[in-house]
Amino acid sequence: RCDVPDLPVQGVIAVYAVTDMIWAHAEPIRPDVVNGPESLELYLVGPPSARLGVYELASPLTWAERAPPTLIIHGTLDRMVRPGHAKRLYDGLLAVGRPAKILLLPLAEHGFDLRPGGWGEQLARAEILRFLENLSAGTSADPALGSQ
């Protein structure tokens, strides 16, 4: 037990995130270096055909209408999580009127941010800091949120 207030989430930063579990299962990246469908079935205890509700609940896209301002960052050469996940979440958030910004990093792979000082890490860090500064300043979004 912890005596701290339970506050709502103020913002989300999604970095190379799986955003639609059903799509991830049906459309694994090729070559499939992480055994995507099998990994999802282990994680969600079965295939979507048997656990559709669980796959929906586990998908951030399902919760788009309730999402706080969201920053989505993904490398275009990610071989572990299909870059289309970023675009699907971005489009889904905009479709329900939620503030979102997407940063697609050309030629960046999964884990691009783990190279300290690399250009992908620098771009992501700058965008993340800008996003967090706007949240801490009390603005729900910077003027760029809602557009690429």
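As the structure is a prediction and not an experimental result, all values here were calculated from the model.

*Asks:* Kindly report on the pattern of salt bridges, identifying the contributing residues and their values.
*Replies:* Summed over the entire model, instances satisfying the criterion amount to 5 salt bridges. With its nearest N and O atoms 2.7 Å apart, the salt bridge here joins Arg125 to Glu121. In this pair, Arg125 and Glu121 both sit in helix α5 (residues 119–136), 4 residues apart, roughly one turn of the helix. Between Arg130 and Glu127 there is a salt bridge, and its shortest N-O distance comes to 2.8 Å. Here Glu127 and Arg130 lie together in helix α5, a separation of 3 residues that amounts to about one turn. Glu127 sits in the buried class, given a relative accessible area of 10%. Three or more residues are tied together by salt bridges with common partners; here these are Lys101, Glu127 and Arg130.

*Asks:* Let's hear about the side chain of His74: which residues, and what values?
*Replies:* Looking at where His74 falls in the secondary structure, it is placed in strand β2 (residues 70–75). Relative accessible area serves as the criterion here: at 1%, His74 is assigned to the buried category. A polar atom in the side chain of His74 sits 3.0 Å from the backbone oxygen of Val81. Filtering out sequence-adjacent residues up to four positions away, His74 remains in contact with Tyr16, Ala17, Val81, Arg82, Pro83, Ala86, Leu103, Leu104 and Leu105.

*Asks:* So what's going on with the layout of surface pockets? Residues and values would help.
*Replies:* A volume near 250 Å³ is recorded for the largest pocket. Taken together, 14 residues form the lining of the largest pocket, with Val12, Pro60, Trp63, Ala67 and Pro68 sitting closest to its centre. Looking at the lining of the largest pocket, the elements with two or more residues in it are β1 (12–15) and α4 (84–95). Approximately 210 Å³ is the volume found for the second largest pocket. Around the second largest pocket, the lining is made up of 14 residues, and of these Val18, Ala24, Gly36, Leu40 and Met80 lie nearest the centre. Per element, the largest residue contribution to the lining of the second largest pocket is 3 residues, and it comes from helix α2 (residues 36–43). Class assignment for the residues of the lining of the second largest pocket results in 8 nonpolar, 3 polar and 3 charged.

*Asks:* Please give an account of the sheet that holds strand β3 (residues 100–105) that cites residues and values.
*Replies:* Strand order across the open sheet formed by 3 strands is β1-β2-β3, with parallel pairing between neighbours. Taken across any chain shown, the strands that pair with only one partner, and hence form the sheet edges, are β1 and β3. For this sheet, the mean inter-axis angle between neighbouring strands, taken without regard to orientation, is 10°. In terms of strand pairing, β1 meets β2 through 4 bridges, oriented parallel. Along β2, the bridge assignment pairs Val12 with Thr70. Set on the sheet, α4 makes contact with β2 and β3; between it and β3 the angle comes to about 160°.

The rules we used
- Residues numbered from 1 in each chain as written.
- Predicted model: local features only at pLDDT ≥ 70, side-chain atom pairs only at ≥ 80, totals over all residues.
- Heavy atoms only, no water.
- Salt bridge = Lys/Arg side-chain N within 4 Å of Asp/Glu carboxyl O.
- Helix = DSSP H or I, 4+ residues; strand = E, 2+ residues; numbered from the N terminus.
- Buried < 20%, exposed > 50% of the residue type's maximum accessible area, 1.4 Å probe, protein only.
- Polar contact = N/O pair within 3.5 Å; in protein donor to acceptor, adjacent residues only side chain to side chain.
- Contact = heavy atoms within 4.5 Å.
- 1 Å grid on protein atoms, 1.4 Å probe; cavity = no way out; pocket = protein on both sides within 12 Å on 5 of 7 lines; lining within 4 Å.
- Points joined across faces, edges and corners; volume = space filled by probe spheres on them.
- Nonpolar A, V, L, I, M, F, W, Y, C, P; charged D, E, K, R; others polar.
- Pairing = 2+ DSSP bridges.
- Axes fitted to C-alpha atoms, helices over the stretch in contact; angles between N-to-C directions.

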